[in-house]
Amino acid sequence: MTEQHDSLNALKRKLVLAKRLNWFCYIALLVLFAVWNLFLPGGSVQWWLLQSFPLLLVLPGLLKGNQRSYLWLCFILLLYITAGIVDVMMPTRGWQHGALAALSLTLFVSAMMTSRWQVKIQSSGN
């Protein structure tokens, strides 16, 4: 029984760390889009809204800690990951594309693991 309890506590600690990483990357992506489109040359308010809107769709669920919102976030992040990786491969692109790819990929993995660990903890009855 104590081994199962220790395992559950370790899983809860991982979940807390993953949620912190989720919020860090989520906010960093929104800040990246704001800086990229509002303060750097070539950006515009329209692009900022277009890039930020999909992320904001899942914000209410993320604030509630809804497991399905993390899954939807993963689906949305696939678009950002793809765009970031494609743009990183082009030699004329700036640092923003590398940051987009890194943040999106990190957020994808942490959101996926958060969702998985939430289900495990809920299924254990705690």
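Residues numbered from 1 in each chain as written. Predicted model: local features only at pLDDT ≥ 70, side-chain atom pairs only at ≥ 80, totals over all residues. Heavy atoms only, no water.

## Here's the deal with the overall build of the protein chain
Phase 1: When helices and strands are counted, the protein chain shows 5 helices and 0 strands.
Phase 2: Put simply, the protein chain runs from its N terminus to its C terminus through helices and strands in the order α-α-α-α-α.
Phase 3: Its C-alpha atoms give the protein chain principal-axis dimensions of about 60 × 30 × 20 Å.
Phase 4: A total of 126 residues make up the protein chain; the buried ones form 37% of that total. (Helix = DSSP H or I, 4+ residues; strand = E, 2+ residues; numbered from the N terminus. Buried < 20%, exposed > 50% of the residue type's maximum accessible area, 1.4 Å probe, protein only.)

## What about the packing of aromatic side chains?
Phase 1: Under the definition given, this model contains 4 aromatic pairs.
Phase 2: Aromatic side chains Trp23 and Tyr26 sit 5.7 Å apart centroid to centroid with 80° between the ring planes, which places their arrangement in the edge-to-face category. Highlighted residues: Trp23 and Tyr26, both in helix α1 (residues 2-38), separated by 3 residues, approximately one helical turn.
Phase 3: Judged by relative accessible area, which is 26%, Trp23 ranks as partly exposed.
Phase 4: These aromatic residues form a ring-pair network of at least three members: Phe33, Trp36 and Tyr80. (Phe/Tyr/Trp six-rings, centres within 6.5 Å; stacked < 30°, edge-to-face > 60°.)

## Thoughts on the packing of helix α4 (residues 67-88) against helix α5 (residues 95-123)
Each pair of packed helices gets described by two things: the angle between the helix axes and the distance between those axes.
Phase 1: Axis separation between α4 and α5 bottoms out at 8 Å; the angle between their running directions is 155°. Classified by the interaxial angle, the pair formed by α4 and α5 is roughly antiparallel. Crossing of α4 against α5: the hand is left-handed.
Phase 2: Partitioned by chemical class, the residues of the contact of α4 with α5 number 18 nonpolar, 8 polar and 1 charged. (Axes fitted to C-alpha atoms, helices over the stretch in contact; angles between N-to-C directions. Parallel < 35°, antiparallel > 145°, perpendicular 65-115°, else oblique. Left-handed = near helix turned anticlockwise from the far one by under 90°. Nonpolar A, V, L, I, M, F, W, Y, C, P; charged D, E, K, R; others polar.)

## Here's the deal with empty space enclosed by the protein
Phase 1: Here the structure, examined in full by the defined rule, presents 1 cavity of 30 Å³ or more.
Phase 2: Here the largest cavity defines a volume of roughly 30 Å³.
Phase 3: Sort the elements by how many residues they give to the lining of the largest cavity and α1 lands first, with 3 residues.
Phase 4: Classifying every residue of the lining of the largest cavity by side-chain character gives 6 nonpolar, 1 polar and no charged. (1 Å grid on protein atoms, 1.4 Å probe; cavity = no way out; pocket = protein on both sides within 12 Å on 5 of 7 lines; lining within 4 Å. Points joined across faces, edges and corners; volume = space filled by probe spheres on them.)

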